[in-house]
Every structure is written in structure tokens, then in C-alpha cells.
Amino acid sequence: MSNFIIRKVAVLGAGVMGAQIAAHCANADVAVLLFDLPAKEGKPNAIVDKALAGLKKLDPAPLAAKDRLAFIEAANYGADLEKLRECDLVIEAIAEKMEWKRELFAKVAPFIRPDAVFASNTSGLSINALAEALPAELRGRFCGIHFFNPPRYMPLVELIATGDTEPAMLDALETWLTTRLGKSIVRAKDTPNFVANRVGVFSILAVMHHTARLGLGFDEVDALTGPAIGRPKSATYRTADVVGLDTLAHVIGTMQATLPNDPWHAHFKQPAWLSALISQGALGQKTRVGIYRKEGKTIQVLDVAQQAYRPSAGEVAPEVAAILKNRNPAERFRQLRESEHPQGQFLWAIFRDVFHYCAVHLADIADNARDVDLAMRWGFGWAQGPFETWQAAGWNEIAQAVAADVEAGRAMSDARLPAWVFELRGVHEPTGSWSAAENMLEPRIDLPVYRRQLYPDQVLGEAAPDRGETLWENDGVRLWRRADQDRRIGILSFKSKMHAIGSEVLDGLIEAVARAERDLDGLVLWHEAPFAVGANLQQVAEACKAGQFDMLEKTVAQFQRASMTLKHAQVPVVAAVQGMALGGGCEFVMHSAHRVMALESYVGLVEVGVGLIPAGGGSKEFALQAHRMAQRAAGGDVFPYIQTSFQTVAMATVAKSAVEAVQLGFAKPSDDVLFNANEILYAAIRRARAMAEAGYRPPLIERAVTVAGRNGIATCEMMLVNMREGGFISAYDYRVAKAAATALCGGEVESSARVSEEWLLDVERALFVELLKEEKTQQRIVHMLETGKPLRN
């Protein structure tokens, strides 16, 4: 197939999903037409305009930056269908009604180019049945493209082919979705609810069934089915509220109507309490009341037995919590099976029934077990998929236990496990994952785009990835390389928990750069998310308690040396960033020669949250930025540029995307933003090589930086006085923010004075150590370590 180029996308339907799909395409610099019905009164595009305005209010934000909204053009079916001819990809995302979709297909089909791709975002309707509404010439370019909510953040997209879909087109679309939109693809069969929703909704039904059977509270079940078992914090019933109880009921109804022969069909119905809530208009988060509601500051939960709300206080029983802490999966599941506590019995029952369901239906719903596991991880946020969980707990032992419960009538269905379950030792092996339909192990799909993912998401039992050749390491870092990539580009990875930056990381980084300068052509800073959460606060707190402030000053000086070592290395240092890069982690990002950033990079100088200021060179870098921008501007006044940086530092603003990181000055417009985090190491290695081949030269140390000085500090103080008098900040917040202003303005010097980079580093270091000696800063550090939250004192 020739190059697959998508310059413009049309999204049909400006509802919750349609508007957010449009937003994510705009995030990726793709022009979008967002369609809906013409308004009955007022402006013809009023429906779409309202949806676009709503995008700015949603949390989490669907837009990577507010300016992305300008890439989305409002349109309506009454006046703008001719504009569809401009589009290379058309995505239908209207309500889940077969007749409505088919009617829309007939309306838009004459305007879709024969070389364009047409796709439906249906969450479970038959793709082949939908295709029947299209003219024959469009059917080869039609497929299902099921995004998960919210589309920016949930990795999973299910692709569903019809009998007529062109294989080359589907490969090209998968490639585009993977690298341009950053999606993780599962190819699903055209069965009701496809893969993730089929398993996920059954899992919810199983939870509901056993909640009622064992008389457990909804809040108690959410305590059991969240992080305690490797599921999201929203667990089961909170997730139902977030998704919308009416939406959940619709999906259950789809299973009930379309799967009459499913052995679990008797359970495909909504419980009476769910029907009652929906009839009362209590639909969950969108109506502010559902299974949960908030009364003042109290979270309340529905008590079905009392037919009333009560305070939510569900907890995991100590004896069950002890079982869940057992790190041996086989022992953990054995203990759950043997538990006499209702919570233990509940957990075994929900796992057993999902294992049972997935095994019986694997041949029908998915190409292989890997697709089921990855679909549940990417679409529902499970830490492990059902088959991985089963295999980790001992395949044969679990199989026998499930079979025994089926035989004894304890399972939700009497369907027998397939014969292959007892013939295998597991479904995932180094050579592939089990396909029940093909009766063989299937390897991963081998599209060229996946060669960009040096460390793709793997399932338990797959071949271990290449961890490369270690060149040097200490307790804090590892310097290594990939023989199959570029042997002259080193990779530096932090080994500390959450990649916190302690003395061992600082020493290791300085040594690794020296070795790279001697033996390599370039260096990439990379490890899995988070990039780095900042300084090791535990080390700082212990040193403060011991009164070791001289040692702390030396550590800050070493931190500054590490940052300057990155910036002035004689080989290009490329930071490959994903996840959080906070505090000192942000400073390392700012000092690197170049940045390759995943879209979902959350970058910020957050030191004020613990009563400190950026002192690893972050304040100095913002002062340098102001100096350079002022040089380019008429008049040359640095303060207007410092003012923006001051607000960013004083408010501990964290960029909510890599795009925002550029706008806030933590990165540069010339840096690379990738949407698929699994591709950043591949791209960073090649960026380092390109910089080396282009004759990379590090910047010289600045000796004459124009700073805002005393007048700049005074102007910042005026802003702080107003905030303090308005009750927005405390007296100590004022103290810390003034220190930040002093560092950014170059210290107590005359306005427009010229100072060196070393001077700026000395100023921020002295202010940092002064704050460390303050009792209130020490209280903030301890509070952050104990609670993970900032203290206002």
C-alpha cells in the first residue's frame, strides 16, 4: 500500500466520545471537522459549538493545550456534507442505535472519497451489519475503530474488520493509530461488545452477582476490587458511576439482546436497584448522584438493604488484606479459595467466574489470549489480564479448582471448560499466545511500526526483552547500550525508587557523562515512567533532622554540577521523558541538549510545595530564558519574561502534557513530542545520533546575563502582598515565593545588572539552604513524605 497520509479527519457526532476523539486528533496536529445535527434554532452549529466549549471544562483535560481547539472546525449535516470530500478519515461516533447509524451512513456515503477510510466507533454493534448500509465501493475501506473513554488517556483502540475490509488498509490504519495518536491496538472479532467490553462488563456483572449473594456493601466491594487486586482506584461501583449508570445498563442490554445462547445469559440483566436509580435520574457522576453521592464533604453510598444512603466506609478485612499481601500468587489464590471470610469467598468467586468466562469464549471473541489480556490492561486499567493472572497463580491448579466449582454448581454457569485448558501449562509462552480458534500459539503481529517499540507492553510468559550491555553502573544509575540499535549511543537509566535523585544518582550521572564523552558519540536519559520525581526527600529530611546543613549545601552544589554536566557535555545528551518529571527531574530535562517527550509527560518545578525553591539550576535556566527573550525584543526589559516564570514557579505549576511543557518553558519548540511512549527510546537514540553527525557543540557558559534585580523582586512582592492579604497564601508561602523571586531576578543586585551563570547558581543555592534551615520547611518536607500531600503552614 502507498503512503497512508491523513491530513484531515471528520468526526460524525459531537457527543462525549465524538468531541474527545476530535480533540485527540487535534492534539496530534491533525485538522478536524466535527459534525452534528443542525440546531433547530439559533446558530446552525450550536450543538457542536457547545460540545467544543465543553472540552475546555472536562477533567482530565482532553486537549493537550487550550490552543488545540483552534484545529477543530464545527460543521453540521445540513450544510456541510460537501466538506467530507476533504477528509482522509471519517469516524462515526453517534449514539449506539443501529438504525440511526445506518441512516447516517446512507446520508454521508455519497460525500466520502473512494480513497478515504470510513470507520465506526461503535462499542459493540455488528460491524458487518453496519457495512450493509454502505455502497459496495466503500465497504473495503470500512471497519470498526472503538476508542475507550477518555480517548486521550486510555491506550486501547479495538479495530474490527468486516468480511470486505482491505487488509492493507487495516494495517496502515493500525500503524497510524499507533504512532500518530499513540494508541495500543487489539484486533477484535465482530462479536457483541468486542473484546474488552465483553470481558469487562461480564466482570462487573459477576461482581454485582456476588455482592448480592454474599450481602456485601458497594463501598466494601470497591475497597476489594481496586488497587488491592491490581485494578484502578475507581474499582467497580465508582467506575459505574463515572461511566454512567445508563450507559452501563445499555451495554448490559446489548449483551442480553445479542447473546441469547451465551451460557451466562441468565446473568445479563440489570439488578433492580440499578433500574431504580436510572428511573430516578440518578445516573452517576454526570448527575452528581448514583451509587455514590456527596453530601457536604461526606461521600455517601447507597445501602440496598436500607434503601437509603449512608457514609461510605468500606474496608478490606485484616485477614483478607493479609492474604492479598502474599507475594506468591499460587499461595494467595489457594488462601482465597480456603477462606471462610465473605470477602475472601467473594474475591475467589469473581476471579473464578472471569477465568471461566474467558476460557469458554476465547475462540469466539479474540484471536488469542494475549489480545484478551492486553485489552483488559489497556481498556480497563487492570495490572494483569485474566489469563496472565490465572497463569501466574498456577495454570493447572486453577483449572482444576474452576472445574470443581463448575461441577459442584458454585460457578455462575455450568458450561464445561474447553479441553485445551487441561492440555496446556499456560496460554502465554516465549513463542506466542494461545489461539483457541486456530489451536496454536500465535506470535505478535509483525508490522514495521512495532519495531519502533524497543520495550513494548508484554504479557506474563513472553520472551524477556533485551536489557542491553552494561557499560558501567553504581547504586544510583546504569550506563548501557543496545547492540541492535546504535552501539555508540549510550543509555543512562536511574535505578532509584520512582527515579528519585539522591547522591548516588548525582555521582553516577556525572561519572556516566564523563565516560560517554570518552567512549561514546551521544547519551540518552531513559527509563520507564516516571522520568524522575525530584530530589530524594527522605535523604533531605534525615540530614535536616541531624543538622547537617553543610553537607546539604554540598549536595545542592553537586546537584548543580550534575545539571551543568548535562548541559555542557561534549556529546549530545537527549532526555527521553514520560510520566512525571518534577523538581530536580524537571531541572535535568531543562539542562539536556534535546528532549524527546511522550505526550503524557507531566513536567514542573514543584519545590515550593515543600517550602523550597528550584536550586538544581532551574531558577537559573528561567533567568537565562528571560535574558535571551529580552535580547530579541525591543527595549530589552527582562522582567515581563521573568513574571511568567515567577508565576509558574510560585504556583508550582505542572504541565499537563508535553505540549504545555513547551509553552511553560520547561522544553523547547524544537523538541520532539511523541504520542506513543513506547517509541521515545527508539526516537531519542536516533535524535542523539543525528545531533552527533551534525557536529554537536555544547553551549558556552554565559558570563553576562541581564537580570531583573531588586526592581524585579519588588514587583513580584507586590503580587504576593495582594495574594497574602486576600487570604490566598500564608505568610510562609510569601516567604518561600519571595525567595523564588529573588533567585529568578538574579539576587539583590541593580536592575539590568549583568551576572554570570555561576552567580545565578550561587544565589539559588544560598536561598535553598536558608529555607532548609526553617522549621516550617522541614515540617512541609516531613508532611509530604508521610502523606504525599503539601502542607499549608
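Rules used in this analysis
Residues numbered from 1 in each chain as written. Predicted model: local features only at pLDDT ≥ 70, side-chain atom pairs only at ≥ 80, totals over all residues. Heavy atoms only, no water. Core = buried A, V, L, I, M, F, W, Y, C linked by side-chain atoms within 4.5 Å. Buried < 20%, exposed > 50% of the residue type's maximum accessible area, 1.4 Å probe, protein only. Helix = DSSP H or I, 4+ residues; strand = E, 2+ residues; numbered from the N terminus. Contact = heavy atoms within 4.5 Å. Arc of directions from axis to C-beta. Salt bridge = Lys/Arg side-chain N within 4 Å of Asp/Glu carboxyl O. Pairing = 2+ DSSP bridges. Axes fitted to C-alpha atoms, helices over the stretch in contact; angles between N-to-C directions. Polar contact = N/O pair within 3.5 Å; in protein donor to acceptor, adjacent residues only side chain to side chain. Phe/Tyr/Trp six-rings, centres within 6.5 Å; stacked < 30°, edge-to-face > 60°. Lys NZ or Arg CZ within 6 Å of the ring centre and 35° of its normal. Right-handed = clockwise from strand over helix to strand, strands pointing away.

Enquirer: Honestly, the nonpolar core in this entry has me stumped. Any pointers?
Expert: Nonpolar side chains in soluble globular proteins tend to end up buried together. Core analysis: the largest hydrophobic core is formed by 112 residues, its most contacted members being I291, F387, W390 and W420. With 12 residues, the top contributor of residues to this core is helix α14 (residues 342-365). Those residues within four positions of F387 in sequence are excluded, and the remaining contacts are C358, A359, L362, A369, V372, D373, W395, W420, V427 and H428. In terms of nonpolar packing, the next biggest core, distinct from the first, is built from 79 residues, F549, M597, L767 and L772 among them.

Enquirer: Would you take a moment to explain the environment of P698 for this structure?
Expert: On the secondary structure map, P698 appears in the loop between α26 (680-693) and β22 (705-706). Since its relative accessible area comes to 18%, P698 is described here as buried. With 125 residues separating them in the primary sequence, P698 and V573 have C-alpha atoms 9.7 Å apart. Sequence-distant contacts of P698, that is, excluding residues within four places in its chain, are made with K567, H568, A569 and Q570.

Enquirer: Sorry, what's going on with helix α3 (residues 98-108) here?
Expert: Residues lying three or four places apart along an α-helix face the same way, a consequence of the helix completing one turn every 3.6 residues. Regarding α3, the residues found buried are K101, L104, F105 and V108. In an axial view of α3, the angular spread of the buried residues amounts to 105°, which keeps them on one side of the axis. Buried residues along α3 sit against β1 (8-12), β4 (89-92), β5 (117-120), α4 (127-131) and β6 (142-147).

Enquirer: What am I meant to see in the pattern of salt bridges here?
Expert: Side chains that differ in charge, positive against negative, can pair when their charged atoms come close. In total, this model carries 57 salt bridges according to the counting rule given. Here E702 makes a salt bridge to R628, at a shortest N to O gap of 3.6 Å. Here the residue E702 occupies a position in the loop between α26 and β22, and R628 occupies one in helix α23 (residues 618-632), the gap between them amounting to 74 residues. The exposure class of E702 is partly exposed, given its relative accessible area of 22%. A salt bridge links E717 to K738; its shortest N-O distance comes to 3.7 Å. Residue E717 is found in helix α27 (residues 709-725), and its partner K738 is found in helix α28 (residues 731-744); the two are separated by 21 residues along the sequence. You can call K738 partly exposed: its relative accessible area is 30%. Because the salt bridges share partners, they merge into one network encompassing D486, R488, D521, R689 and E693.

Enquirer: Would you take a moment to explain the sheet that holds strand β15 (residues 469-473) for this structure?
Expert: Note: strands within a sheet are paired through backbone hydrogen bonds, in either parallel or antiparallel orientation. Read from one edge of the open sheet, seven strands run β15-β16-β17-β18-β19-β20-β21, paired in mixed fashion. Of all strands in the sheet, those bounded by a partner on one side alone are β15 and β21 (672-674). Across the sheet, the mean angle from the axis of one strand to that of its neighbour is 25°, orientation sign disregarded. Pairing geometry for strand β17 (residues 489-494) and strand β18 (residues 522-525), over four bridges, is parallel. Bridge assignment links I489 to a residue of β18, and that residue is G522.

Enquirer: What is the right way to read the side chain of S435 from this model?
Expert: Topologically, S435 is positioned in strand β13 (residues 432-435). Within the structure, S435 has its side chain in polar contact with the backbone oxygen of D367 (distance 2.9 Å). Among the polar contacts made by the side chain of S435, one reaches the main-chain amide nitrogen of E438 at a distance of 3.1 Å. Beyond its immediate chain neighbours, meaning those up to four positions away, S435 contacts D367, N368, M440 and E442.

Enquirer: I keep staring at the packing of aromatic side chains and nothing clicks. Help me out?
Expert: Per the counting criterion, the structure on display carries 26 aromatic pairs. Geometrically, the ring pair formed by F218 and W273 is tilted, given 4.7 Å between the ring centres and 50° between the ring planes. In this pair, F218 is assigned in helix α8 (residues 218-224) and W273 in helix α11 (residues 272-279), connecting sequence segments 55 residues apart. Note on F218: relative accessible area 4%, which makes it buried. The class for W273 is buried, based on a relative accessible area of 14%. Three or more aromatic residues joined by ring pairs form one cluster here, namely F333, W348, F351, F355, F387, W390, W395, W420 and W434. Above the plane of the ring of W100 lies K97, whose end atom (NZ or CZ) is 6.0 Å from the centre. Lying over the aromatic face of W348, R337 brings its terminal NZ or CZ to 5.4 Å of the ring centre.

Enquirer: Can you walk me through the sheet that holds strand β9 (residues 292-295) in this structure?
Expert: Within the open sheet, the three strands sit side by side as β9-β10-β11. Their pairing is antiparallel. Both edges of this open sheet fall to β9 and β11 (308-311), since each of them pairs with a single strand only. Neighbour-to-neighbour, the strand axes of this sheet turn through a mean angle of 40°, independent of strand direction. Sheet analysis places β9 next to strand β10 (residues 298-303), joined by four bridges and oriented antiparallel. Looking across to β10, one finds that Y292 is bridged to V301.

Enquirer: Hey, could you run me through the pairing of β17 in this one?
Expert: The side chains of a regular strand alternate, residue by residue, between the two faces of the sheet. The element β17 is extensively covered by neighbouring structure, given that six of its six residues are classed as buried. Both faces of β17 are covered, namely the face carrying I489, I491 and S493 and the face carrying G490, L492 and F494. Sheet analysis places strand β16 (residues 477-481) next to β17, joined by four bridges and oriented antiparallel. Counted as the bridge partner of W480 is I491 from β17. In this region the chain leaves β17, passes through helix α19 (residues 503-519) and returns to the parallel neighbour β18; the handedness of that crossover is right-handed.

Enquirer: Help me understand the environment of A26, please; the structure alone is not making it clear to me.
Expert: Structurally, the position occupied by A26 is in helix α1 (residues 16-27). For A26, a relative accessible area of 0% puts it in the buried group. Here the alpha-carbon distance between A26 and L744, two residues 718 residues apart in the chain, equals 35 Å. Once you skip the residues sitting within four places of it in the chain, A26 turns out to touch V32, R68, F71 and I72.

Enquirer: What is the right way to read the environment of V304 from this model?
Expert: Looking at the secondary structure, you find V304 in the loop between β10 and β11. What makes V304 partly exposed here is its relative accessible area of 32%. Each C-alpha atom, one on V304 and one on I112, is 51 Å from the other, the two residues being 192 residues apart in sequence.

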